[in-house]
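Results of the structural survey
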Amino acid sequence: MVNLTINGKAVTVEKGTTILEAAKKLNIYIPTLCYLEEVHKIGSCRICVAEVEGAKTLQATCVTPVSEGMVVKTNTARVREARKIMYELVLSDHPKDCLSCGRNQNCELQKIGEIIQADESSFEGEKSKEFVDDSSPSVVRDSAKCILCRRCVTVCNEIQGVGILNTQERGFKASINAGSDILLGNAACTNCGQCTVVCPVNALHEKDSTQDVWAALADPSKTVVVQTAPAIRAALGEEFGYPAGTLVTGQMATALRDMGFDYVFDTNFTADLTIIEEGTEFLNRIVEMMYQKGVITAEKVKELGMHIGVNATFPMITSCSPGWIKYIEHYYAGQLDNVSSCKSPHMMLGALAKSYFANNIDVDPKDMYVVSIMPCTAKKYEITRPEMVNNGVKNVDAVLTTRELAKMIKEAGIEFAELEDGGFDNPLGISTGAADIFGTTGGVMEAALRTVYEIVTGRELPFEGLHVTPIVGLDRIKTAAITIEDAREEWSFLNGVTVNIAVTSGLVGAGILLEEIKKGESPYLFIEVMGCPGGCINGGGQPRPKEANTREKRMKALYREDEGKILRKSHENPDITKIYKDFLGKPLGHVSHELLHTTYTTRSKY
Amino acid sequence: MATDTKHCECCGLSENEMFSLLEKTIGDYEAKESNLIQILHMAQAIFGYLPDEVLKFISEKMNLPMSKVSGVVSFYSLFSTQPKGKHTIKVCLGTACYVRGGSKIVDKIKELLDIEVGETTEDMNFSLEVMRCIGACGLAPAIAIDDTVFKRVNPNKLRQILAQYE
Ligand code: SF4
Ligand code: SF4
Ligand code: SF4
Ligand code: FES
């Protein structure tokens with residue numbers, strides 16, 4: 001332990017702690033700009049400087065570790081003056097059109113202005129860059145707003161392992177982009193949007209869809225259907241001042257109705273459906289493998305209701321995360337056969353809304369407009385894929401991020417905190433607890449296992465509270481093994497088979513598991529990949545975290561929502577049974593194949 | 001691109017040969033990120049400049065993002081992503097040359113060749129660069145064309161000097 005004083009107050013902290021962290025313990029606030037807890041620490045902006053006795057120059061507190069007997073002062077005239085100069089320097093090359101800026105009142109550069117009073121006279125300087133790259137359907141880069149903190153560079157390179165964003169040129173001409181005049185829309189960018197979450201200013205943000213949605217809501221000829229992803233309910237509240245991890249499912253449904261949506265559906269319904277389709281696909285791959293090995297006969301395959309000659313590539317990898325899909329298409333296209341053919345849940349819901357449901361309510365699918373509220377910027381891109389069209393109409397017409405939805409609720413003048421709880425509409429609104437956990441890393445795998453294990457053995461998954469504990473949590477790669485014993489009669493050929501599974505979130509982890517597959521060394525049969533670190537709870541469209549451990553709090557909220565439900569396994573959802581009976585036929589059947597499954601494309605790295 | 005039409009100026013290598021030489025160079029440097037600058041140097045020596053195809057090739061072989069490679073290239077002014085002319089004119093703007101009219105020389109050359117500093121003439125004959133000091137201070141102002149140094153240059157004589165290289 002190390003003892004030091006900051007502004008005359010004594011504090012004892014662990015070795016390796018930075019001055020900034022130690023100050024936080026004493027409730028001494030030091031303004032920061034480039035620093036981002038747990039993500040980015042390069043000490044470049046020098047807004048966070050303090051005086052350290054014995055040191056000639058001011059020290060950047062976000063990178064300077066404490067030492068025994070250190071005497072720190074964070075509020076001397078010298079410190080305040082230095083901060084002010086650094087701040088004014090940033091502002092001199094920044095267009096200060098806050099009132100018309102997308103980050104107004106929600107901007108870190110603006111916020112530190114509360115603490116540092118800059119002189120207006122030193123504001124104006126030559127502007128170095130004015131270029132808006134809106135070529136991508138997901139992410140917009142406004143270089144004029146960039147303050148060169150490089151948080152996005154760290155996230156894109158080190159956490160996502162993609163490396164689209166890097167510093168180009170230097171000095172006054174420096175800017176952050178893909179290099180060689182490559183625009184985001186043409187780059188091998190995954191559209192994950194993680195860069196938009198960490199950007200302190202309006203230099204990186206999602207492509208706006210709120211205007212399109214307002215227009216659809218105002219159009220009397222349109223039946224406007226909305227659906228919300230599992231992770232929204234655990235994060236939307238933060239935009240209205242609730243602490244992280246507050247579940248606002250009921251208020252969210254009411255707000256959507258008040259905004260004028262005609263039907264409020266739940267993507268959770270199709271998360272349950274995904275489990276049935278993907279679980280069946282997994283079992284069919286296993287059956288095919290056993291058939292190829294000569295363990296079972298063709299008659300047996302038929303008896304199980306499965307098909308012969310299907311893709312039996314292992315490990316099978318989940319397909320719900322469109323940023324992950326774009327990543328593998330660009331960087332590991334040779335492994336595309338490993339990916340499940342299931343569309344992501346919101347695409348399935350769109351496809352069903354414009355077929356099954358449109359037919360039920362007697363609306364021409366061309367007059368239906370489907371909006372998805374997603375924690376994700378990559379879904380904005382996903383809906384533009386040519387595969388996501390059935391019967392000549394797009395499955396989904398617009399995607400709003402959680403942040404955009406909050407903006408629209410505010411614009412609509414709805415007092416979110418005052419809303420009564422509402423519910424979802426039927427038939428695409430009922431879901432089980434298995435669907436809730438789709439929003440967190442490990443959740444899709446656990447939901448799939450709850451169903452697949454029970455199909456094969458006739459018993460519940462043998463874990464306390466149905467949680468597959470080894471794959472719960474925020475670690476990069478999590479693994480588990482489940483050995484099948486005492487299977488039901490018709491599945492007895494699987495007795496003794498060990499199913500090795502892996503779960504990863506964030507694309508660096510995906511890259512590690514794909515390398516194993518590429519080398520033929522992957523021990524797994526089933527892998528869950530989510531493109532964002534932590535899964536959708538931390539998606540590129542989620543509110544920018546305002547408190548520590550936000551991801552964990554959102555994750556726990558989803559497990560709470562799951563545990564609070566009576567039905568916790570996808571195959572127990574009564575409306576899922578009904579939709580197979582009335583419309584889809586059987587899992588992997590002809591209609592499913594048309595509406596719920598998709599194909600992938602090989603893309604270049606450049 | 002399997003065309004064999006482009007040739008290296010200095011040693012007459014075909015494009016394919018240039019790329020395999022580059023690949024060997026990357027191998028010699030163990031494809032290490034810490035050696036990127038040296039590798040880029042070699043690449044520029046082989047190709048004369050660093051066009052996108054070369055940067056992509058390096059990014060692929062070194063398993064580095066393109067944005068990182070181009071970030072390094074654009075950081076250092078000694079790397080050029082534009083083809084160089086047959087001859088490179090370097091005008092010294094070190095203190096001595098500057099005081100004795102180096103910038104007038106730059107202006108005159110810009111006028112004669114109709115290019116800016118860092119650019120190449122349309123006929124690909126000349127590229128124009130400026131330098132900090134070429135070590136001929138006693139005989140300022142000086143310019144260098146390829147490896148030949150011209151001292152005490154009179155702006156009005158520039159046309160004649162350049163004519164030798166037409
Ligand atoms: S990014 Fe922030 S400081 Fe800059 S104009 Fe927008 S709100 Fe103002
Ligand atoms: S969206 Fe993701 S992959 Fe694309 S630039 Fe941002 S962080 Fe990188
Ligand atoms: S784009 Fe945003 S995150 Fe990236 S360097 Fe600029 S200000 Fe920082
Ligand atoms: S916050 Fe410490 S240097 Fe930027």
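Residues numbered from 1 in each chain as written. Chains lettered and ligands numbered in written order. Predicted model: local features only at pLDDT ≥ 70, side-chain atom pairs only at ≥ 80, totals over all residues. Heavy atoms only, no water.

All names here are of chain A. Across the sheet, which stays open at both edges, the 4 strands sit in the order β13-β20-β19-β18 with mixed pairing between neighbours. Of all strands in the sheet, those with a lone pairing partner are β13 (316–317) and β18 (477–483), marking the two edges. Taken together, the 5 bridges between strand β19 (residues 498–505) and strand β20 (residues 526–530) define a ladder with parallel strand orientation. Each residue of the ladder has a partner; that of Val503, found in β20, is Glu528. Sheet strands in contact with helix α15 (residues 443–457) are β18, β19 and β20, and its direction is about 150 degrees off that of β20. (Pairing = 2+ DSSP bridges. Helix = DSSP H or I, 4+ residues; strand = E, 2+ residues; numbered from the N terminus. Contact = heavy atoms within 4.5 Å. Axes fitted to C-alpha atoms, helices over the stretch in contact; angles between N-to-C directions.)

To continue, consider the site of ligand 1. Neighbouring residues of ligand 1: 13 residues in total, closest His94, Cys98, Cys101, Cys107 and Asn202 of chain A. When grouped by side-chain class, the residues that make up the shell around ligand 1 number 6 nonpolar, 4 polar and 3 charged. (Near = heavy atom within 4 Å. Nonpolar A, V, L, I, M, F, W, Y, C, P; charged D, E, K, R; others polar.)

It is a probe the size of a water molecule, rolled over the atoms, that shows where empty space is left. Residues and elements named next belong to chain A. In this structure, the second largest pocket encloses a volume near 1600 Å³. Lining the second largest pocket are 45 residues, and of these Leu36, Glu37, Pro545, Lys546 and Glu547 lie nearest its centre. Listed by contribution, the elements that provide at least two residues to the lining of the second largest pocket are α1 (19–25), α3 (108–112), α4 (151–159), α5 (194–198) and α17 (550–563). The element best represented in the lining of the second largest pocket is α3, accounting for 4 residues. (1 Å grid on protein atoms, 1.4 Å probe; cavity = no way out; pocket = protein on both sides within 12 Å on 5 of 7 lines; lining within 4 Å. Points joined across faces, edges and corners; volume = space filled by probe spheres on them.)

Bringing the interface of chain B and chain A into the picture now. When the parts of a complex come together, some accessible area is lost, and that lost area is often taken as the interface size. Each partner contributes to the interface: chain B provides 15 residues, whereas chain A provides 17 residues. Sorting the residues of chain B by area buried against chain A places Ser67, Ser74 and Phe75 of chain B first, and these three jointly supply 38% of that buried surface. In this assembly, chain B and chain A are joined by 1 salt bridge. Close ionic contact of Glu60 of chain B with Lys605 of chain A constitutes a salt bridge, the shortest N to O distance being 3.8 Å. Of all the secondary-structure elements, those providing two or more residues to the side of chain B that touches chain A are α3 (52–62) and α4 (66–75) of chain B. Take the side of chain B that touches chain A: its biggest share by element is 7 residues, from α4 of chain B. Partitioning the side of chain B that touches chain A into residue classes produces 4 nonpolar, 7 polar and 4 charged. (Buried area = accessible area lost by both parts, 1.4 Å probe. Salt bridge = Lys/Arg side-chain N within 4 Å of Asp/Glu carboxyl O.)

The environment of ligand 3 is made up of Cys146, Ile147, Leu148, Cys149, Arg150, Cys152, Ile176, Cys199, Pro200, Val201, Ala203 and Leu204 of chain A. Of the residues belonging to the shell around ligand 3, the class tally is 11 nonpolar, no polar and 1 charged.

Time to look at helix α8 (residues 267–292) of chain A. Residues and elements named next belong to chain A. The terminal C-alpha atoms of α8, which comprises 26 residues, lie 37 Å apart, in line with the 38 Å expected from a rise of 1.5 Å per residue. Burial within α8 is extensive, with 24 of its 26 residues counted as buried. Positioned one or two residues after α8, Gly294 has a phi angle of 80 degrees, which is positive. (Expected span 1.5 Å × (residues − 1). Buried < 20%, exposed > 50% of the residue type's maximum accessible area, 1.4 Å probe, protein only.)

Attention now moves to the domain arrangement of chain A. As far as domains go, chain A holds domain 1 (2–91), domain 2 (128–206) and domain 3 (283–343 + 432–534 + 564–596). Computed from C-alpha coordinates alone, the two centres of domain 1 of chain A and domain 3 of chain A are separated by 49 Å. (Domains from an automatic or database assignment.)

Two quantities define a packed helix pair, namely the angle between the helix axes and the distance between the axes. Residue and element names in this part refer to chain B. Across the interface, α3 lies against α4 with an axial gap of 9 Å and an inter-helix angle of 125 degrees. Put simply, α3 runs oblique to α4. Along this stretch, α3 crosses α4, giving a crossing that reads as right-handed. Of the residues in α4, those in contact with Asp52, Leu55, Lys56, Ile58 and Ser59 of α3 are Met66, Val69, Ser70 and Val73. Along the lines of polarity and charge, the residues of the contact of α3 with α4 split into 5 nonpolar, 2 polar and 2 charged. (Parallel < 35°, antiparallel > 145°, perpendicular 65-115°, else oblique. Left-handed = near helix turned anticlockwise from the far one by under 90°.)

What follows concerns the sheet that holds strand β7 (residues 139–142) of chain A. Residues and elements named next belong to chain A. Pairing in this open sheet of 3 strands is antiparallel, and the strands run β6-β7-β10 from one edge to the other. Pairing within the sheet leaves two strands with one partner each, and these edge strands are β6 (132–133) and β10 (204–206). In this sheet, β7 lies alongside β6 in antiparallel orientation, the contact comprising 2 bridges. What sits directly across from Asp133, in β7, is Arg141.

Before going further, it helps to examine helix α18 (residues 574–584) of chain A. All names here are of chain A. Asp575, Ile576, Ile579, Tyr580 and Leu584 are the residues of α18 that are buried. Projected down its long axis, α18 carries its buried residues within an arc of 145 degrees, all on one side. Looking at the buried positions of α18, the neighbouring elements they touch are α8, α11 (345–360) and α19 (590–596). A side-chain oxygen of the first residue of α18 lies 2.9 Å from the backbone nitrogen of Asp575; this N-cap is Asn573. At the exit of α18 stands Gly585, carrying a positive phi of roughly 85 degrees. (Arc of directions from axis to C-beta. Polar contact = N/O pair within 3.5 Å; in protein donor to acceptor, adjacent residues only side chain to side chain.)

Right, let's get into unusual backbone geometry. Generally, phi is negative for residues other than glycine and the peptide bonds are trans, each holding for most cases. For the bond running from Asn426 of chain A to Pro427 of chain A, omega is 10 degrees, close enough to zero to count as cis. Cis rather than trans, the peptide bond between Ala140 of chain B and Pro141 of chain B has omega equal to -10 degrees. With respect to the helices and strands, Pro141 of chain B occurs in the loop between β2 (126–131) and β3 (143–145). Of note, the phi angle at Glu169 of chain A is positive, near 60 degrees, even though the residue is not glycine. Note on placement: Glu169 of chain A falls in the loop between β8 (166–168) and β9 (175–177).

Time to look at the environment of Lys25 of chain A. All names here are of chain A. Relative to the elements of secondary structure, Lys25 occurs in helix α1. Sequence-wise, Lys25 and Val11 are 14 residues apart; in three dimensions their C-alpha atoms are separated by 8.0 Å. Not counting the four nearest positions on each side in its chain, Lys25 is found in contact with Val11, Thr12 and Val13.

A word on the pairing of strand β14 (residues 368–374) of chain A. Residue and element names in this part refer to chain A. Within β14, 7 of the 7 residues are buried, leaving the element largely enclosed by the surrounding structure. Side chains Met368, Val370, Ser372 and Met374 project from β14 onto one buried face, and the interleaved Tyr369, Val371 and Ile373 project onto a second face that is buried too. By the bridge criterion, 6 bridges tie strand β11 (residues 223–228) to β14 in an arrangement that is parallel. Directly across from Thr228, in β14, lies its bridge partner Ile373.

With that settled, the discussion passes to the environment of Glu281 of chain A. Residues and elements named next belong to chain A. Considering the arrangement of structural elements, one finds Glu281 in helix α8. Remark: the alpha-carbon pair of Glu281 and Val310, spanning 29 residues in sequence, is separated by 9.2 Å. Ignoring anything within four residues of it in the chain, the contact list for Glu281 reads Met316, Val339, Ser340, Ser341, Cys342, Leu588 and His597. Here Ser341 takes part through its backbone nitrogen, which lies 3.1 Å from a polar atom of the side chain of Glu281.

In this section: empty space enclosed by the protein. Residue and element names in this part refer to chain A. Scanning all chains against the criterion turns up 8 cavities of 30 Å³ or more. The wall of the largest cavity is formed by 20 residues, among which Cys320, Pro345, Lys379, Phe438 and Cys536 lie closest to the centre. Mapped by element, the contributors of at least two residues to the lining of the largest cavity are α8, α11 and β20. At 3 residues, the largest contribution of residues to the lining of the largest cavity is made by β20. When its residues are assigned to classes, the lining of the largest cavity shows 13 nonpolar, 5 polar and 2 charged.

All names here are of chain A. Core analysis: the largest hydrophobic core is formed by 61 residues, its most contacted members being Leu236, Leu256, Phe261, Leu273, Val371, Ile409 and Leu428. In this structure, Leu236 is in contact with Val248, Met252, Thr402, Leu405, Ala406, Ile409 and Phe416, ignoring residues within four places of it in sequence. Listed in part, the 49 residues of the second largest apolar core include Tyr87, Ala187, Ile317 and Ile517. (Core = buried A, V, L, I, M, F, W, Y, C linked by side-chain atoms within 4.5 Å.)

To continue, consider the domain arrangement of chain B. The assigned domain composition of chain B is domain 1 (15–75) and domain 2 (87–163). Taking only C-alpha atoms, the centre of domain 1 of chain B and the centre of domain 2 of chain B are 30 Å apart.

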